[in-house]
Amino acid sequence: MTGQEAGQDGGTATVRTGGCLCGGVRYALDAEPEPISICHCGQCRRQHSHVGAYTGLPRAALRILSQDTLTWYVSSSHARRGFCGRCGAGLFWEALDQAAGGEPRITVTAGSLDDPDGLRVDRHIFVDRKASYYDIGGDGVERRTSTGEISG
Ligand SMILES: [Zn+2]
């Protein structure tokens, strides 16, 4: 995955770039990522100090340009989280148990994008796990529970 050059196969071109706070981790996205999901689960709350905001795309479209400080933490039996071991920025979330035969996916934190313009939040997830200190508010965006059911 590292060392791939944009345009190597004639079909890729960097759409967006991003990285951590200190610059130890830099990446490029070679496909436009999907709209942003806000995750209200307890693991995101601990990692990001509040909610997590993620966009997603095929794993093959993520090119890590610099990974000097990239650290992976296996946060559950289902997923690992990539963050910068120097500045602490949260960067990636990747399922460990991706469906066989499916195209591997990865999620990227919206806040780590250099320029997130044009991306919008289109859903809240794990809303049944949110902390009691805030309200999601009436933003008209779809809400899903930890089991994936639509809730209001
Ligand atoms: Zn960093």
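Residues numbered from 1 in each chain as written. Predicted model: local features only at pLDDT ≥ 70, side-chain atom pairs only at ≥ 80, totals over all residues.

A short note on the sheet that holds strand S2 (residues 25-29)
Strands pair in a sheet through their backbones, by hydrogen bonds, and they do so in one of two ways: parallel or antiparallel. Strands sit in the order S1-S2-S5 across an open sheet of 3 strands; the sheet is antiparallel. At either margin of the open sheet sits one strand with a lone partner, and together these are strand S1 (16-19) and strand S5 (62-67). For this sheet the average axis-to-axis angle between neighbouring strands, irrespective of direction, equals 20°. As paired elements, S1 and S2 share 4 bridges and run antiparallel to each other. By the bridge assignment, glycine 19 is partnered in S2 with arginine 26. (Pairing = 2+ DSSP bridges. Helix = DSSP H or I, 4+ residues; strand = E, 2+ residues; numbered from the N terminus. Axes fitted to C-alpha atoms, helices over the stretch in contact; angles between N-to-C directions.)

Regarding the nonpolar core
In terms of nonpolar packing, the biggest core is built from 26 residues, with Cys39, Ala53, Tyr54, Cys84, Leu91 and Val108 touching the most fellow members. Contributing elements (two or more residues each) for this core: S2, strand S3 (36-39), strand S4 (52-58), strand S7 (79-84), strand S8 (90-95) and strand S9 (105-109). Counting residues per element, this core draws most heavily on S2, at 4 residues. Sequence-distant contacts of cysteine 39, that is, excluding residues within four places in its chain, are made with Cys44, Val51, Gly52, Tyr54, Ile125 and Phe126. (Core = buried A, V, L, I, M, F, W, Y, C linked by C-beta atoms within 7 Å. Buried ≥ 20, exposed ≤ 12 C-beta atoms within 10 Å, placed from the backbone. Contact = placed C-beta atoms within 7 Å.)

Let's talk about the pairing of S3
What you see with S3 is no split at all: Ile36 and Ile38 on one side and Ser37 and Cys39 on the other are buried throughout. The pairing of S3 with S4 spans 3 bridges and is antiparallel. Residue pairing across strands places cysteine 39 opposite glycine 52, the latter belonging to S4.

Examining the UniProt feature "domain: CENP-V/GFA" (unreviewed entry) in the protein chain
Within this structure's numbering, the places UniProt gives as "domain: CENP-V/GFA" (unreviewed entry) are residues 16-135. Counting secondary structure, residues 16-135 comes out at 6% helix and 44% strand; the distance between its end C-alpha atoms is 31 Å. (UniProt positions renumbered as here; feature names shortened; annotations may be inferred.)

Points about the sheet that holds S7
Taken together, the 8 strands give an open sheet; going across it, the order is S6-S7-S8-S9-S4-S3-S10-S11, and neighbouring strands pair in mixed fashion. With partners counted over all chains shown, the strands left at the sheet margins are strand S6 (70-74) and strand S11 (142-143), one partner each.

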